[in-house]
Amino acid sequence: MTGRLTAGSPLTRSSARGKTRPPAPPPRRAGWARKLLGALFGVAALVFLAGGGAVLLAWIRFAPDLPSIGGLRSYQPPLMTRVYAANGQVLDELATQRRILVPFSAIPRRLQDAFLAAEDQNFWIHPGIDPVAIVRAGVWDLMHLHSGHRPLGASTITMQVAKNMLLHHRMNMVRKIEEAILALRIDRSLPKQRILDIYLNEIYLGNGAYGVAAAAESYFGKPLDQLSIAECASLAALPKAPHNYNPFHFPKAALIRRNWVIDRMADDGAITRAQAAAAKAEPVLPPGRPGSAPIPGAAWFASDVQRALLARFGDSMTMEGGLTVNTSLDPRLQAAATRAVRDGLMAYDRRMGGWRGPVARLPATHLSDWIGPLGKISPPDGMLSAWRLAVVLPGGRPDAPRVGWLGPSGNGQPPLPHTAALSLGGEVWRHPMSPDGREQAAFRGLAQMVRPGDVVLVHPPQAGQPAAVLRQVPKVQGALVSLDPTSGRVLAMVGGWSFRASQFNRATQAARQPGSSFKPMVYLTALEKGYSPSSRFLNAPIVVNLGAAGMWRPHNYEDNFGGPTSLDVALEQSMNLVTVRVAQRIGMASVARTAEAFGMVTSMPQVLPAALGAVDTTVMREAGAYASLAEGGRRVVPSLIDSVQDPEGHVVWQPAGLTCACDQLATPPQIVDVRKRLADADSVFQLVTMMEGVVQHGTGVDVGKGLDRPIAGKTGTSENFQDGWFSGFTPQLVTTVWVGFDTPAGLGHGQAGAVVAGPIWHQFMAAALKGRPALPFVQPPGVTMAQWDSGAGMRTNAFKPGQVPGADTQPSGAGGAGTAMAAGSSAGLPAGPPGAAAPAGPAAPQSAPVDSSLGALY
C-alpha cells in the first residue's frame, strides 16, 4: 500500500484546486505601478507647493507696494468736452483723451458679448485671473520659445483694467505679476458689471477714440444702440492692436480679425451660426468715411470758444471735464459768411491784386508724363480744399488751354489724373495795381496769363461746367461778424481767408482803425445833448492845433465844401469836416464816454482825430456797439456760448442778458431785460433813422440795393484806404465786415469801405435775411417822424418833443448860442487850446507843419 495515492489525500486536493484557479499576479510587478503613481503625485505636489510658495513670495514681495484700488470705486475717467452749434451739430471736441462716457446700462449686450468673446471668455466665472488661460499661454510660449513669435497673452479684462488704470506699461514678468495681484483684489472689491463698465469706457480703440462710445462714432458715425453685430465685432477686434486692426488703414487685417471675433461669439452662443454668417458678409466699414462734415469756415469760431473756456474753467476742466458747450453758431449763416468773404476777397484780388503768375513751373521734358512731377509740388498756403494744383499742358487753344490735375480716388488709393480746358469763368483779371494804388488794365485772355508748364490753382469743373476755373490765393484779408442784436448771440464769424493758413482771428484779435464807421458814436453823443438831425454845422476847411503833434487839417473824401450842413446829410455823406466840428462842440470827453460805454473802444484818446475813427477797435467790438444801437441803447455783449453744462447736465455758466420770470402762474411768461441802458432810446432812434439815410441816400446806397427792408448802416475807410468797413443792421441781424492787409497798406485808390466791404456785407445779408419778414425799427413813444427839406433833398427823420423838423437846433449848454437858429446859420467856431480849431482857411501857422493823415477818409 506504500506509495499509493488516495482521492482524499492533501496532495490530490491541492492539484485539483490548481487546475481550476489561475495563479495570483507576481507581487513585484504590482509594487512598481504603485511607486510610479506615487512619484507622479509627489511631483505634482512639489510643483503645487513650489507654485504656491512662488505665489506667496510674489504676494509678499509685490503686494505691499501696489497702489490702492479704492479710487476705482468712484473712478471718473478724463472726459471729452463737446462743443455744439446751435442746430446740435458737433462743432469741436476738446480732450486729452477723446472719450464719451456711457453708463453700463447703455452698452448693448451684444457689444459686451463681442468684447468678452475676443478678450475674456471666462470673465463672469474667474476670480480676476484665468488659470486655464495662464496654463495654455505658458505651454504655447514654451513650445515657441525660439520661434520669434510674440508671447501668447493670458490677461483677463480685470487684469487689463489693472494695467490701464493703475500701473506702468512696461512689458515684463514683474508687471504681469502686479497685474494678477491687482486683478484678484479688484475682483474681490468690485462687482463684475462695474469692472466691465470701467473697461469698456476706458480702453483705447485707435483712431483717437477712448471707450466704445467714442469709437462707435469715430469708425461708424453711430451711437452704440445702432451698431450691428459686425460693427460690434469690429470694435472688439481692436484692443489687441488698435493700429494694426484699424479698418481705415488695414482693412484686410481688420476683416480677418473681425470675422474671428464673430466666430467666437457664435462658439459662445451669443449669436447663432446664421447671424454669424450674415455678419461676416457685411463690409468691414460702411461706404464713405463716417462722421459729420466740418462746418465750413467755423474753425475761428471754435478756436475762440476754446479760448473762452480755458480762460473761465482752466485746462483740466476744459480738456477733461466732460463739459457740454452749446454755442450760438448757425451753420447755414456760417457757410454763407464764409462764401461771401471769400468771394469778396477774390473779387478785390482780381481787380487790384492782379494776376501774379503761376505757383511753379514744370520743365517741358516733364509735360508728357506730368503726374509724378505735379504730385511732388507742395500746394501754397491758403489753397482751398476744393481747389487743385494743375499744370498747363501743351496743345490746347491759346484762349482755352488744357490743364491736368490730380483728384482724390478714395479708399486710400493713389490720386487720379484729370484734364479739362481752363477758363476765367467770366471773371476779369487785371494787372497788379500801380505803385500809387491805381487800378490797371485788364488781361485780354488766358493767352496773356499762362503758358505750357505753368503750375496754377484751379477750381475743377462743377456739375454742368465744361472747364476748370483759374484761381489765386488773395493776399488781402477780411473778417465778418454777424449777431442777433436781441440776445448778442454771434451767429457767424469769419476770421480771414483760410484758417489752415493763418489761425489769427481778424474778427476778434486784429486792432484796426474803423474810420468813418466810428462816426455814429459822435452823432449819438450830439443827439443826446439835444441836437436834432436837422442841426447844422459848417462844412468848411478847418485846421486844428494838436499841441506837440503839430497842426492837423482834416478833409472830406472829395475835398469839397458845402457851407452849413445838417447832421443827417453829414452822416449820410460821411463828411469829416462837419464831424470834427460836432465833436469839438460837444467835447471829446463826452464822445469818449459814449464810445467806451458802447464797447467800441476800451480806452479812447480825447483828441479830435479820434472822432474820425483814428482809434483801434475790432470787428467784434464794432458789431457789439452797432447791436446796442439796434437795441435802442441797451448794452449788447456779443457771446459765442449759450450755456455750459457739466457731465450731469447742470448748467454751470451762461451769459447774462434777457431772463424769463418763471412764475408758473404767470401767463404768458414775462421777459425781463436786465441789460444796462447806455443811451436814451429817443436819441438812439434818431441816430438809427439817420443811418437808414446812409443806405438810402448816402455812401451805402449800393450796399443796400435789392434787400427791400429797413437797413441802418455806416461805411468806414481809414486814411490811405488801409481799412475798409461796412457795419449795418436790421431789427433782426447786425453784421460788420472789414477788409485790409495784415500789415497795414493801402488797398488802392478808390477802394473805400463801400467798395471792398460793402459787397461782402450785401451778399451775406441777402442770404441771411432770405425768407425773413421785413421789420421796421421800433419807434419810441413821443418821438415824431417828420419829413423836411435838407437842402440835398427831402428827408424823413425822428424828432423829439419840442424839436422843430428842419430847424437848426442848437441846444443851450452844448456850446451854441440858443435853442434854434435860422436854417442858413452855422455854429460858432472860436479858437482855443490844443484840439480846438485854428482860423479857417488854407494857410496854417508857419511854425508847425500841417498833417491831414489822421482819421477817416470816407
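My aim in this report is to walk through the structure given alongside it, one point at a time.

Reading guide: rules and limits
- Residues numbered from 1 in each chain as written.
- Predicted model: local features only at pLDDT ≥ 70, side-chain atom pairs only at ≥ 80, totals over all residues.
- Heavy atoms only, no water.
- Phe/Tyr/Trp six-rings, centres within 6.5 Å; stacked < 30°, edge-to-face > 60°.
- Helix = DSSP H or I, 4+ residues; strand = E, 2+ residues; numbered from the N terminus.
- Buried < 20%, exposed > 50% of the residue type's maximum accessible area, 1.4 Å probe, protein only.
- Expected span 1.5 Å × (residues − 1).
- Polar contact = N/O pair within 3.5 Å; in protein donor to acceptor, adjacent residues only side chain to side chain.
- Axes fitted to C-alpha atoms, helices over the stretch in contact; angles between N-to-C directions.
- Parallel < 35°, antiparallel > 145°, perpendicular 65-115°, else oblique.
- Left-handed = near helix turned anticlockwise from the far one by under 90°.
- Contact = heavy atoms within 4.5 Å.
- Nonpolar A, V, L, I, M, F, W, Y, C, P; charged D, E, K, R; others polar.
- Arc of directions from axis to C-beta.
- Salt bridge = Lys/Arg side-chain N within 4 Å of Asp/Glu carboxyl O.
- Core = buried A, V, L, I, M, F, W, Y, C linked by side-chain atoms within 4.5 Å.
- Pairing = 2+ DSSP bridges.

1. Some remarks on the packing of aromatic side chains
Turning to step 1, where the next piece is worked out: Evaluated as defined, the whole model comprises 14 aromatic pairs.
Turning to step 2, where the next piece is worked out: Relative to Trp429, the ring of Trp355 has its centre 5.5 Å away and its plane inclined at 90°; by these criteria the two rings are edge-to-face. Taken together, the positions of Trp355 in the loop between helix H14 (331–353) and strand S6 (360–361) and Trp429 in the loop between strand S9 (416–423) and strand S10 (454–459) put the pair 74 residues apart, joining distant regions of the chain. In terms of burial, Trp355 and Trp429 fall into one category: buried.
Turning to step 3, where the next piece is worked out: Judged by centre distance (6.3 Å) and plane angle (80°), the rings of Tyr626 and Phe729 are edge-to-face. Here Tyr626 is found in helix H20 (residues 619–630), whereas its partner Phe729 is found in strand S23 (residues 723–729), with 103 residues between them in sequence.
Turning to step 4, where the next piece is worked out: According to the relative accessible area criterion, Tyr626 is buried, its value standing at 1%.
Turning to step 5, where the next piece is worked out: Pairwise contacts between aromatic rings join Tyr219, Phe220 and Phe248 into one cluster.

2. Digging into helix H21 (residues 681–696)
Turning to step 1, where the next piece is worked out: Given a rise of 1.5 Å per residue, 16 residues ought to cover 22 Å, and the 22 Å separating the end C-alpha atoms of H21 matches this to within 8%.
Turning to step 2, where the next piece is worked out: Taken across its 16 residues, H21 has 13 buried, putting it largely inside the fold.
Turning to step 3, where the next piece is worked out: Its side-chain oxygen at 3.2 Å from the backbone nitrogen of Asp682, Asp680 defines the N-terminal cap of H21.

3. Describing unusual backbone geometry
Turning to step 1, where the next piece is worked out: Even without being a glycine, Asn207 presents a positive backbone phi close to 60°.
Turning to step 2, where the next piece is worked out: On the basis of relative accessible area, Asn207 is assigned to the partly exposed category, the value being 26%.
Turning to step 3, where the next piece is worked out: Positive phi is not limited to glycine here, since Phe721 has a value of about 55°.
Turning to step 4, where the next piece is worked out: Along the chain, Phe721 turns up in the loop between strand S22 (712–717) and S23.
Turning to step 5, where the next piece is worked out: Overall, the relative accessible area of 9% leaves Phe721 in the buried class.

4. Considerations on the packing of helix H16 (residues 519–528) against H21
Turning to step 1, where the next piece is worked out: Interhelical geometry of H16 versus H21 gives an angle of 135° and a closest axis separation of 9 Å. One element, H16, and the other, H21, form an angle in the oblique class. In the crossing of H16 with H21, the sense of the turn from one axis to the other is right-handed. Facing Pro520, Tyr523, Leu524, Leu527 and Glu528 of H16, the residues of H21 in contact are Ser683, Val684, Gln686, Leu687, Met690 and Met691.
Turning to step 2, where the next piece is worked out: For the contact of H16 with H21, the class distribution of residues is 8 nonpolar, 2 polar and 1 charged.

5. Thoughts on helix H24 (residues 758–768)
Residues three or four positions apart in an α-helix share a direction because the helix packs 3.6 residues into each turn.
Turning to step 1, where the next piece is worked out: Here H24 has its buried residues at Gly758, Ile760, Trp761, Phe764, Met765 and Ala768. Down the axis, H24 shows its buried residues gathered within 155° of arc, on one side only.

6. Notes on the pattern of salt bridges
Turning to step 1, where the next piece is worked out: Evaluated as defined, the whole model comprises 26 salt bridges.
Turning to step 2, where the next piece is worked out: Between Asp197 and Arg194 there is a salt bridge, with the nearest N and O atoms lying 3.0 Å from each other. Placement of the pair is Asp197 and Arg194 together in helix H8 (residues 192–202), with a separation of 3 residues, close to one helical turn.
Turning to step 3, where the next piece is worked out: Judged by relative accessible area, which is 12%, Asp197 ranks as buried.
Turning to step 4, where the next piece is worked out: Arg194 gets classed as partly exposed once you look at its relative accessible area, which sits at 24%.
Turning to step 5, where the next piece is worked out: A salt bridge links Asp263 to Lys280, with the shortest nitrogen-to-oxygen separation between them at 2.9 Å. Of this pair, Asp263 sits in helix H11 (residues 251–267) while Lys280 sits in helix H12 (residues 273–280); the two residues are 17 residues apart in sequence, bridging distant segments of the chain.
Turning to step 6, where the next piece is worked out: By relative accessible area, Asp263 is classed as partly exposed at 28%.

7. Concerning the environment of Leu224
Turning to step 1, where the next piece is worked out: When you line up the elements, Leu224 lands in the loop between helix H9 (212–220) and helix H10 (229–236).
Turning to step 2, where the next piece is worked out: Residue classification places Leu224 among the buried residues on the basis of a relative accessible area of 7%.
Turning to step 3, where the next piece is worked out: As for Leu224 and Leu111, which are separated by 113 residues in sequence, their C-alpha atoms are 8.4 Å apart.

8. Quick notes on the nonpolar core
Turning to step 1, where the next piece is worked out: Ranked by size, the top nonpolar core spans 86 residues in total, and within it Val481, Phe518, Val522, Tyr523, Met604, Leu629 and Phe729 carry the most contacts.
Turning to step 2, where the next piece is worked out: At 8 residues, H20 tops the list of elements feeding residues into this core.
Turning to step 3, where the next piece is worked out: Contact partners of Val522, with chain neighbours within four places excluded, come to Thr579, Val582, Ala583, Ile586, Val591 and Ala611.
Turning to step 4, where the next piece is worked out: In terms of nonpolar packing, the next biggest core, distinct from the first, is built from 58 residues, Ala118, Leu200, Ala216 and Val261 among them.

9. Here's the deal with the sheet that holds strand S2 (residues 90–94)
Turning to step 1, where the next piece is worked out: Strand order in this open sheet of 5 strands is S2-S1-S5-S18-S19, and the pairing throughout is mixed. Of all the strands in the sheet, the pair left with one neighbour each is S2 and strand S19 (651–653). The sheet shows a mean angle of 25° between the axes of neighbouring strands, taken without regard to direction.
Turning to step 2, where the next piece is worked out: In this structure, strand S18 (residues 641–645) lies alongside S19, joined through 2 bridges in antiparallel fashion. By the bridge assignment for S19, Gln645 is matched with Val651.
Turning to step 3, where the next piece is worked out: Sitting on the sheet, helix H13 (residues 299–320) is in contact with strand S1 (81–84), S2, strand S5 (324–327), S18 and S19, with an inclination near 35° to S2.

10. Let's talk about the sheet that holds strand S13 (residues 490–494)
Turning to step 1, where the next piece is worked out: The 5 strands are arranged S13-S12-S24-S23-S22 in an open sheet whose pairing can be described as antiparallel. Each end of this open sheet is capped by a strand with a single partner; those strands are S13 and S22. Recorded for the sheet is a direction-independent mean angle of 5° between the axes of neighbouring strands.
Turning to step 2, where the next piece is worked out: Packed onto the sheet, H21 meets S22 and S23 and runs at close to 65° relative to S22.
Turning to step 3, where the next piece is worked out: H24 rests against strand S12 (477–483), S13, S23 and strand S24 (734–740) of the sheet, and its axis sits at about 145° to S24.

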